[in-house]
Amino acid sequence: MVVFSSCMVTLPAAIAVAPRLYRRLLLSRAKHRSLRGHAKWARRVARLIKFFEYDEDSFFVSDAAPEAVARLRRAGLERLRRQVRQSSPTTVRMNEALQEDISDVRFTAAYRVPFPYRNQVPRELRCGSIVDQTRGVQIRDIDGNWRYDLSGSYGVNVFGYDFYKDCIAKGSAKVERLGPVLGPYHPLIRQNVERLKALSGLDEVSFHMSGTEAVMQAVRLARYHTRRTHLVRFCGAYHGWWDGVQPGVGNGRKIDDVYTLADLSDRSLRVLERRDDIACILINPLQALHPNAESPGDGTLIASDRTACFDRARYTEWLTRIRDVCRRRKIVLIFDEVFTGFRLAYRGAQEYFGVQADMVTYGKTLGGGLPVGVLCGRRELMKRYRDDAPADISFARGTFNSHPYVLGAMHEFLERLQSPEIQRRYDGLDALWNARVAALNRRLEDSELPVRVANMQTVLTVLYETPSRYNWMFQFYLRAEGLELGWTGSGRFIMSLDYSDDDFREVVERFVRAARRMKQDQWWWWSPGLTNQAIKGMMTRGMLGARFPWLRKLLSPPAVAGRARYVEEVEQHG
């Protein structure tokens, strides 16, 4: 009888718990299998990784290359260093001084390359740019060197620097009698709001000082109105530096109200269908270029397994399915267009993919070259208080929101956006840039160079075909050929719509020259055993040796004198 009573108690409890366990299982299966798909584990692993570095000798042979290859690499690195010191001495000196005073400069200098190599890369190569002028699609540093700009000012530069210089000048003139009056609105705000409503297809607008702030407000309002706790982001997507949308590495706070799900996954859709705690879904349309992967940067370019492949039709279908689920489940769909807004199409990713969101965030280019963040949303989602509960509010204000000079530049931008000249630039944009990138890839293939380029319109990324530990060196060869890159190196090129065919052909020539020099200096040396898996094994052994010093002798390859035998073993066993 006792046993029977115990079973009677246990069975109802098991029935009650079963749905929760099932939902939890669905959630676990909907996570991407990579470490970046498991934010909490990624943070734990990141804390375990200890710094280690290659010394002056092993720096050149960390892939077990023979000494003859090491000599060519050493000579190539020295040539690059001399070229920078001779062509940009003022820039180098100023960057070295700034690294002592600006933490951002130190950070970007340190993370241009994988950390084991950073201390042996000359400071001249790791330094950023100090610039004083632009013209067309080029930018000039303070030593007078003109480069073709592939950095795109982090996405601001959609229509060309001359366009934005004019927006800032004419926009400032429209409000110059007011000065920095904060609180009262300049009359231009009325026209800006009407145009933003038409562009977004939504009812209301709020102004902020950055894209990150706009995303923060969107998420806060979604939670407020749905009375639900969790947001969904997709694996690898970036939505600003706010810890509420960055639960993994880089955030020191424990985050328990974010689900990171796999992109392009039926399992993720099943989670959305069954959970009742999801307030909103954040979509960064740029993920269509590299689903389930983080923004590519050379600081994490360990091997040659960077991937990118844009399929517009497939991603359109995916977003349409998400839209349908959100409508059924009353989940707020937020398009984060801080980067892609006005780049892909006149009405941004909503027009490009044919999907209407409930909220859209903008930034970057919308300010006409000045800092801005904007949130557009459905009227019922934008309200910040409840009529029946006056103390229950969703508070969000900013001192510099609606700054008159920003509104002036934005007004000029929105006026020009509707001009026939700008509208014509959107015609055939996909076909134009796909053809350009295809031409670049043909040149690379014809020259037997182990690099290719993938693109999503004007956003490009470099892919590497031969397993190598030194792909991150390519950024320095590109820069030496007069191409301006962002601090993420070859991971992302952002090109403006005012690139002519002649401009792009010149970029192709310089890109191919850089790749030839990189190949001649033997950074892409390869042996049969040097697979991407073997390279990752080398990196793992280095990290384990740093974490557990007593393992170091067992894990490390032999010194230079014994390298020939080690190369042979790598070729035989990987």
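All residue numbers refer to position in the chain's written sequence, counted from 1. Only residues with pLDDT of at least 70 get local features here, since the model is predicted, and only at 80 or more are side-chain atom pairs given and counted; chain-wide, interface and lining totals rely on the full set of residues. Hydrogen atoms and water are omitted, and side-chain values are computed over all heavy atoms in the structure.

The next point concerns the sheet that holds strand 9 (residues 359–362). Here, any two strands with at least 2 DSSP bridges between them count as paired. Secondary structure elements follow DSSP: runs of H or I no shorter than four residues count as helices, runs of E no shorter than two count as strands, and numbering proceeds from the N terminus. Taken in spatial order, the 7 strands make up an open sheet running 4-10-9-8-7-5-6, and their pairing is mixed. Both edges of this open sheet fall to strand 4 (204–208) and strand 6 (258–261), since each of them pairs with a single strand only. In this sheet, adjacent strand axes meet at a mean angle of 20° when their direction is disregarded. Both strand 7 (residues 278–283) and strand 8 (residues 332–336) contribute to a ladder of 4 bridges, which runs parallel. Directly across from leucine 282, in strand 8, lies its bridge partner isoleucine 334. To get an axis, a line is fitted to the C-alpha atoms, and for a helix only the part in contact is used. The angle between two axes follows their N-to-C directions and goes from 0 to 180 degrees.

So, on to the sheet that holds strand 1 (residues 131–135). Strand order in the open sheet formed by 4 strands is 1-2-3-15, and the pairing between neighbours is mixed. In this open sheet, the two edge strands, each paired with only one partner strand, are strand 1 and strand 15 (483–484). Of the pairings in the sheet, the one linking strand 2 (residues 138–141) to strand 3 (residues 146–149) comprises 3 bridges and is antiparallel in character. Paired with arginine 140 across the strands is tryptophan 146, a residue of strand 3.

Two elements in contact, helix 8 (residues 188–200) and helix 14 (residues 404–417), have axes whose closest approach is 10 Å; the angle formed by their N-to-C orientations is 45°. Classified by the angle their axes make, helix 8 and helix 14 are oblique. Remark: the crossing between helix 8 and helix 14 carries left-handed chirality. The residues of helix 14 that touch helix 8, namely those facing Leu188, Ile189, Gln191, Asn192, Arg195, Leu196 and Leu199, are Leu407, Gly408, Met410, His411, Leu414, Glu415 and Leu417. Following the grouping adopted for this structure description, the nonpolar residues are Ala, Val, Leu, Ile, Met, Phe, Trp, Tyr, Cys and Pro, the charged ones are Asp, Glu, Lys and Arg, and the polar ones are all others, Gly among them. Its residues placed into classes, the contact of helix 8 with helix 14 shows 8 nonpolar, 4 polar and 2 charged. Angles below 35 degrees are treated as roughly parallel, those above 145 as roughly antiparallel, those between 65 and 115 as roughly perpendicular, and all remaining angles as oblique. For a crossing to be left-handed, the near helix must be turned anticlockwise from the far one by less than a right angle; the clockwise case is right-handed. Only heavy atoms matter for contacts: two residues are in contact if any of them lie within 4.5 Å across the pair.

Residues are said to line a cavity or pocket when one of their atoms sits within 4 Å of a point; the points come from a 1 Å grid over protein atoms alone, cavities being sets where a 1.4 Å probe fits but cannot get out and pockets being open sets with protein on both sides within 12 Å along at least five of seven lines. Grid points are joined across faces, edges and corners, and a volume is the space filled by probe spheres set on the points. Scanning the model with the defined rule gives 2 cavities of 30 Å³ or more in all. In this structure, the largest cavity is lined by Leu150, Leu440, Val453, Leu460, Phe493, Met495, Phe504, Val507, Val508 and Phe511. Partitioned by chemical class, the residues of the lining of the largest cavity number 10 nonpolar, no polar and no charged. By volume, the second largest cavity is sized at about 30 Å³. Looking at the lining of the second largest cavity, the elements with two or more residues in it are strand 4 and helix 14. For the lining of the second largest cavity, the element with the most residues is helix 14, which contributes 3 residues.

Another point: helix 10 (residues 266–274). Working definition: with a 1.4 Å probe on protein chains only, accessible area under 20% of the residue-type maximum means buried, over 50% means exposed, and in between means partly exposed. Every buried residue of helix 10 is accounted for by Ser268, Leu269, Val271 and Leu272. Viewed end-on, helix 10 has its buried residues packed into an arc of 155°, placing them on one side of the element. By the criterion applied in these results, polar contacts are pairs of N or O atoms within 3.5 Å in which, for protein atoms, one can donate a hydrogen and the other can accept it, and in which residues neighboring in sequence qualify only through two side-chain atoms. Of the residues that open helix 10, the one with a side-chain oxygen 3.2 Å from the backbone nitrogen of arginine 267 is serine 265. Relevant arc is that of directions from the helix axis to the C-beta atoms, nothing else.

Right, let's talk about the side chain of aspartate 141 for a bit. Tracing the backbone shows aspartate 141 in strand 2. Reaching out from aspartate 141, the side chain makes a polar contact with the backbone nitrogen of asparagine 145 at a distance of 3.0 Å. Within the structure, aspartate 141 has its side chain in polar contact with the side chain of arginine 147 (distance 3.3 Å). Non-local contacts of aspartate 141, meaning those with residues more than four positions away in its chain, are made with Ser88, Thr91, Ile130, Val131, Asp132 and Arg147.

If pLDDT is low for a region, its predicted coordinates should not be looked at in detail. For the chain, per-residue confidence averages 91 on the pLDDT scale, and residues scoring 70 or more make up 94% of the total. The score called pLDDT rates the predictor's confidence residue by residue, from a low of 0 to a high of 100. Note that residues 558–566 has pLDDT below 50 and, in this model, 11 contacts with residues that lie over four places away or in other chains.

Under the 1.5 Å per step criterion, the end-to-end length of helix 3 (residues 67–87) is 30 Å for 21 residues, consistent within 8% with the ideal 30 Å. Buried residues of helix 3: Val69, Ala70, Arg73, Gly76, Leu77, Leu80 and Val84, and no others. Angular distribution of buried residues about the axis of helix 3 spans 130°; they occupy a single face of the element. Set apart from the buried face of helix 3 by more than 90 degrees, the exposed residues are Arg71 and Gln86. Expected span, for any helix, means 1.5 Å times one less than how many residues it has.

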